[in-house]
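Inside the fold
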Amino acid sequence: MIFKRVGDVRPYPDHGYVQKQWAAIAPHQVRLDQLVTTKRTLDLEALLEEDSTFYGDLFAHVVAWRGDLYLEDGLHRALRAALQQRQTMHARVLDLK
């Protein structure tokens, strides 16, 4: 299995972070098999488009909450990494305590 679990909700409280606040978090590597998704489906165009990061962040957004890492934004990046046989990806991790 690629991910720890496939979910379709954000079980953590709303953090209110905007793009500028996410950009202030330094990215680091996370293992794909430690991530819990917050979306069940993916738009294939987002996955296959070469300039998919043109308007967004280069790194996935992950929320650490109650011992789990939730992939909030960047499912297409995670799947692309998995298709390239990688076990990790770079992400910005927000720790909600």
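As shown above, the structure is provided for reference.
Residues numbered from 1 in each chain as written. Predicted model: local features only at pLDDT ≥ 70, side-chain atom pairs only at ≥ 80, totals over all residues. Heavy atoms only, no water.

1. Considering the pairing of strand β3 (residues 60-65)
Across a regular strand the side chains alternate sides, sitting on one face of the sheet and then on the other. Within β3, 6 of the 6 residues are buried, which leaves the element mostly enclosed by the surrounding structure. With burial as the criterion, each face of β3 is covered, one bearing Ala60, Val62 and Ala64 and the other bearing His61, Val63 and Trp65. Note: β3 against strand β5 (residues 88-95), 5 bridges, orientation parallel. Considered in β5, the bridge of His61 is made with Arg92. Here 5 bridges tie β3 to strand β4 (residues 68-73), and the two strands are oriented antiparallel to one another. Residue pairing across strands places Ala64 opposite Leu69, the latter belonging to β4. (Buried < 20%, exposed > 50% of the residue type's maximum accessible area, 1.4 Å probe, protein only. Helix = DSSP H or I, 4+ residues; strand = E, 2+ residues; numbered from the N terminus. Pairing = 2+ DSSP bridges.)

2. Looking at the packing of aromatic side chains
Applying the stated rule across the entire model yields 2 aromatic pairs. Seen in terms of ring centroids, Tyr12 and Tyr70 are 5.6 Å apart; in terms of plane orientation they differ by 50°. Their pairing is tilted. Of this pair, Tyr12 sits in the segment before α1 (19-23) while Tyr70 is found in strand β4, placing the two residues 58 residues apart along the sequence. Both residues of the pair, Tyr12 and Tyr70, count as buried. (Phe/Tyr/Trp six-rings, centres within 6.5 Å; stacked < 30°, edge-to-face > 60°.)

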